[in-house]
Amino acid sequence: MERAEIRIEFVPELHVFVNARRRDGRSAVTTDGSSTLGHVVESLGVPLTEVGGLVVDGAAADASHVPAAGEEVAVLAVARPQRLAGPPRFLLDVHLGTLARRLRLLGVDAAYESTDIGDPALAARSAAEQRVLLSRDRGLLHRRELWAGAYVYSHRPADQLRDVLSRFAPPLAPWTRCTACNGTLREADKTSVRAHLEHGTERSYDVFAQCTACDQVYWRGAHHEQLSGIVTEAVAEFGDGTAPTAAPSGPLHTSVAAQRRRPDGAAVGAGPA
Ligand SMILES: [Zn+2]
């Protein structure tokens, strides 16, 4: 095939992915003459999950377009909020455990594997369960099997949460999901969960919820204020005002496990989110 030189420009949102010399307007790329535009964009470092549109000589083009010599290409970012078929469900890679717990705290369906099952298995699960794979690993986001994927732009959990909420605008239902396992919570009375409680807890707290999947018990406790702050902030900025707050008398939380902290200082259950 005849090699072809094109000129390509990326919008600022995509500059994080490309070489510094491609961040200042159009730059030249020589293609092999047979590769698709999608392949060319990926080869310059941009995952297609982050591309919202391709414009060739002023007209919208598909990723399957094979660029011809002299074409001027603009690469656009995904529009926010990004619409999916049905409510967004997520799958987070092994590095995003804190983000997973915060999404669950807000009632967002966020599957997470705390052990590294490998890129092929993660991509296969995304496809099988129609979950958006969230990752900071571009190689993972290049995988063809993904049902959908999204790059998480920050390494800070607070910014990661705002990033995902602004990108997908998932309905929020705080205090309805188990932060430990992603199961749904149901109301529970003290009698029914007594076996799961330590004596001090049983005396001090009255409001309980229990995970329908892993039996984890939740009540208002040590981490409540911190978690409540995360919820209040997220609902104020991203809530649509219609999400249910399922707790029987306002928010409740903090799990049994929060008292039994792991050696790394992170609680197994509710916090620190
Ligand atoms: Zn659970």
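The following refers to the structure shown. Note that this is a predicted model, so its numbers are computed, not measured.

1. Focus: the overall build of the protein chain
Of regular secondary structure, the protein chain possesses eight helices and twelve strands. The buried share among the 273 residues of the protein chain stands at 47%. For the protein chain, the proportion of contacts with a sequence separation of at least 24, taken over those separated by at least 6, is 62%. About 13,000 Å² of surface is accessible on the protein chain, with carbon and sulfur atoms providing 49% of the total.

2. Things to note about the packing of aromatic side chains
Counting across every chain of the model gives four aromatic pairs. Pairing F17 with Y151 gives two aromatic rings, centres 4.9 Å apart and planes at 70°, and the pair type is edge-to-face. Residue F17 is found in the loop between β1 (4-10) and β2 (27-31), and its partner Y151 is found in strand β9 (residues 148-151); the two are separated by 134 residues along the sequence. The exposure class assigned to F17 is buried, which follows from its relative accessible area of 4%. Their ring planes at 90° and their centres at 5.0 Å tell us that Y151 and Y153 sit as a pair that is edge-to-face. Accessibility expressed as a relative area gives 29% for Y153, which makes it partly exposed.

3. Things to note about the coordination of the zinc ion
The zinc ion binds to the protein through C178 (SG), C181 (SG), C211 (SG) and C214 (SG); the donor distances cover 2.3 Å. Between the four donor atoms coordinating the zinc ion, the angles at the centre fall across 100 to 114°, so the site counts as tetrahedral. Counting residues between consecutive donors of the zinc ion along the chain gives the motif C-x2-C-x29-C-x2-C. The exposure class assigned to C178 is buried, which follows from its relative accessible area of 0%.

4. Here's the deal with the pattern of salt bridges
Under the defined criterion, the tally for this structure stands at 14 salt bridges. R26 serves as the salt-bridge partner of E72, at 3.0 Å between the closest nitrogen and oxygen. A residue pair is termed long-range when its members are at least 10 positions apart, and E72 in strand β5 (residues 72-77) and R26 in the loop between β1 and β2 qualify at 46 residues. Note that D109 and R89 form a salt bridge whose closest N and O atoms lie 3.3 Å from each other.

5. Regarding the packing of helix α5 (residues 157-168) against helix α8 (residues 224-238)
Contact geometry for α5 and α8: axes closest at 11 Å, N-to-C directions at 30°. Considering the angle they form, α5 stands roughly parallel to α8. Our pair here, α5 against α8, has a crossing hand that is right-handed. Here L161, R162, L165 and S166 of α5 lie close against α8, whose contacting residues are I230, A234, E237 and F238. Of the residues assigned to the contact of α5 with α8, the class counts are five nonpolar, one polar and two charged.

6. Points about the packing of helix α2 (residues 97-105) against α5
Across the interface, α2 lies against α5 with an axial gap of 9 Å and an inter-helix angle of 55°. It follows that α2 is oblique to α5 by the angle criterion. Handedness of the α2/α5 crossing: right-handed. Here T98, L99, R102 and L103 of α2 lie close against α5, whose contacting residues are P157, A158, Q160, L161, V164 and L165.

7. Observations concerning helix α3 (residues 119-129)
Restricting attention to buried positions, one finds in α3 the residues L122, A123 and S126. Each buried residue of α3 lies within a common arc of 95° when the element is viewed along its axis, so the set occupies one face. The inward-facing, buried residues of α3 abut β6 (90-92), β8 (132-135), α4 (138-141) and β9. Backbone geometry just downstream of α3 places Q130 in the positive-phi region, at approximately 50°.

8. Focus: the environment of E13
With respect to the helices, strands and loops of the structure, E13 is situated in the loop between β1 and β2. Along the sequence, E13 and E50 sit 37 residues apart, while their C-alpha atoms lie 9.1 Å from each other. If sequence neighbours within four positions are ignored, E13 has contacts with A77 and Y153.

Thresholds applied
- Residues numbered from 1 in each chain as written.
- Predicted model: local features only at pLDDT ≥ 70, side-chain atom pairs only at ≥ 80, totals over all residues.
- Heavy atoms only, no water.
- Helix = DSSP H or I, 4+ residues; strand = E, 2+ residues; numbered from the N terminus.
- Buried < 20%, exposed > 50% of the residue type's maximum accessible area, 1.4 Å probe, protein only.
- Contact = heavy atoms within 4.5 Å.
- Areas by Shrake-Rupley, 256 points an atom, 1.4 Å probe, with all protein chains shown as cover.
- Phe/Tyr/Trp six-rings, centres within 6.5 Å; stacked < 30°, edge-to-face > 60°.
- Donors = N, O, S within 2.8 Å, 3.2 Å for Na, K, Ca; no water.
- Tetrahedral: all angles 85-135°; square planar, octahedral: opposite > 155°, others 65-115°.
- Salt bridge = Lys/Arg side-chain N within 4 Å of Asp/Glu carboxyl O.
- Axes fitted to C-alpha atoms, helices over the stretch in contact; angles between N-to-C directions.
- Parallel < 35°, antiparallel > 145°, perpendicular 65-115°, else oblique.
- Left-handed = near helix turned anticlockwise from the far one by under 90°.
- Nonpolar A, V, L, I, M, F, W, Y, C, P; charged D, E, K, R; others polar.
- Arc of directions from axis to C-beta.

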